[in-house]
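# Residue-level structure breakdown
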Protein chains: 2
Amino acid sequence: MINYPNGNKATLNYKNSNSKRHIYNAANRGMSFEREINISNDYYINNKIALITKRPTPINVVRVDYTKKCKIVDAYFEKPSTTDYNGVYKGYYLDFEAKSTKIKTSFPLNNITLNQIKHLENVIYHHGIAFFLIEFAALNEVYYLDASYVIDHYKNSDRRSIPINDVRKFGHLIKQGYLPRYNYLEIVDQYIKRDSNI
Amino acid sequence: MINYPNGNKATLNYKNSNSKRHIYNAANRGMSFEREINISNDYYINNKIALITKRPTPINVVRVDYTKKCKIVDAYFEKPSTTDYNGVYKGYYLDFEAKSTKIKTSFPLNNITLNQIKHLENVIYHHGIAFFLIEFAALNEVYYLDASYVIDHYKNSDRRSIPINDVRKFGHLIKQGYLPRYNYLEIVDQYIKRDSNI
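Residues numbered from 1 in each chain as written. Chains lettered and ligands numbered in written order. Predicted model: local features only at pLDDT ≥ 70, side-chain atom pairs only at ≥ 80, totals over all residues.

### Side note on the sheet that holds strand β7 (residues 129-136) of chain A
Residue and element names in this part refer to chain A. Stated formally: A pair of strands is treated as paired once DSSP finds two or more bridges between them. Counting from the N terminus, the helices are the DSSP runs of H or I reaching at least four residues and the strands are the DSSP runs of E reaching at least two.
One open sheet accounts for 6 strands, arranged β1-β4-β5-β7-β8-β10; its pairing is mixed. The open sheet terminates on both sides in strands that have one partner only, identified here as β1 (51-54) and β10 (172-173). Alignment of strand β8 (residues 141-146) against β10, held across 2 bridges, turns out to be antiparallel. Paired with Y144 across the bridge in β10 is H172.

See the structure below:
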């Protein structure tokens, strides 16, 4: 395992993802993908390339114990109504959702909420750059897929997944390396160049 | 109390802020100000004027009870390293922190972290629009104050607060109304007009 400088910890601090304590559930699935995106973003921030941050996981706090240093004793994870990441790059507003799948043949849409789709539509409407970062974990491939493509599929197709061949055709394979871990801004640059009115 | 359409609930759901259960602490201080900003943002979103959202309160989850529908049983509020709000308006990236004070004579900086100051410096560096919304609760006045002014004061002044006269001189009084509750984008427009290279 490479030791990245200034590596952000993932929000839920599941450090030992391969240890016995690792539990496969919705909360930590794809956590390693998230961590590597955070590492990429740290690189972008530290090198003054872009400022992109992860939105904290929305949590509905029910009860706080004020006798114990404001310890939260009753709370629940909320369904996200926005996306995982947003920020600013060359003056452009960026907004994206990161998804990891173990499936090799398609990108399933069942974990994307209608509110997230509406949110991404709004981003595009207000001239932001909206996209998905999709990890096919079993293939070790990460793709940039424009949000407009996913929105169109979500609304107009009966299929609840996008075949990997379409992801490859309409998306962009992200270059993986050491620094930055995922060079997704390289793809954003293509969109900025292609449409200066974006 | 006016019933706003599509009114967002504040993150921590302290609805009965005047009830006996109301506890004055750091978590819910200024919650009503936050709620009214959320209402303003809902108006902006629903009328397709801008897309500005509140970042969820960062919470460090220590323990989850998976036997009880993923109930969080041990967690703590984290110190924020970014700001409360960000989003996109006319293609511009907006990023701001909202603060409410009961003091009538100055805006105290003691609740602003160094990480937040660094974050706002980064926003400006990457050509975003960064500012503070400051409520003087006892005066019922809300001001827009450019982040660069606050950053300069934070770094170069011995005073840990900004006198209200300076807030009035270098900031902008926000028009309050029904819809939008706080018309702060009116001020953003002035900044966009003044400097198209922002």
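The structure having been displayed, the exposition proceeds.
### A short note on unusual backbone geometry
Here the amide bond leading from L179(A) into P180(A) is cis, since omega sits at -5 degrees, within 30 degrees of zero. By the element assignment, P180(A) lies in the loop between β10 and α5 (185-194). Phi is positive for C70(B), close to 55 degrees, though the residue is something other than glycine. Here C70(B) shows up in the loop between β2 (59-65) and β3 (71-77). Of note in this structure, K90(B) is not a glycine but carries a positive phi near 50 degrees. Of note, K90(B) is situated in the loop between β4 (85-89) and β5 (92-101).

### Focus on the relation of the copies chain B and chain A
As a reminder of what qualifies: Alignment of copies: least-squares fit on C-alpha atoms of residues with pLDDT of at least 70 in both copies. We call two residues in contact if the C-beta atoms placed from their backbones are at most 7 Å apart.
Between chain B and chain A, which share one sequence, the superposing operator has a rotation angle of 180 degrees and an axial displacement of 0.0 Å; the RMSD is 0.0 Å. The two molecules are tied by a two-fold rotation axis, judged by turn and shift. For chain B, the residue whose C-alpha comes nearest the rotation axis is V73(B), separated from it by 2.2 Å. Most of the interface of chain B is mirrored in chain A, where 100% of its interface residues are also at the interface.

### Quick look at the packing of helix α2 (residues 114-125) of chain A against helix α3 (residues 147-156) of chain A
All names here are of chain A. Put simply, the rule is: The angle between two axes is taken between their N-to-C directions and runs from 0 to 180 degrees, where each axis is a line fitted to C-alpha atoms and a helix contributes only its stretch in contact. Working rule for angles: under 35 degrees goes down as roughly parallel, over 145 as roughly antiparallel, 65 to 115 as roughly perpendicular, anything else as oblique. Should the near helix be turned anticlockwise from the far one by less than a right angle, the crossing is left-handed, and should it be turned clockwise, the crossing is right-handed. Gly is put with the polar residues, along with every residue not named as nonpolar or charged; the nonpolar set is Ala, Val, Leu, Ile, Met, Phe, Trp, Tyr, Cys and Pro, and the charged set is Asp, Glu, Lys and Arg.
Put simply, α2 and α3 touch, their axes get as near as 10 Å, and they point 135 degrees apart. It follows that α2 is oblique to α3 by the angle criterion. In this structure, the crossing between α2 and α3 has a hand that is left-handed. Along the contact surface, α2 presents I117, L120, E121 and I124, while α3 presents A147, S148, I151 and Y154. The residue inventory of the contact of α2 with α3, partitioned by class, reads 6 nonpolar, 1 polar and 1 charged.

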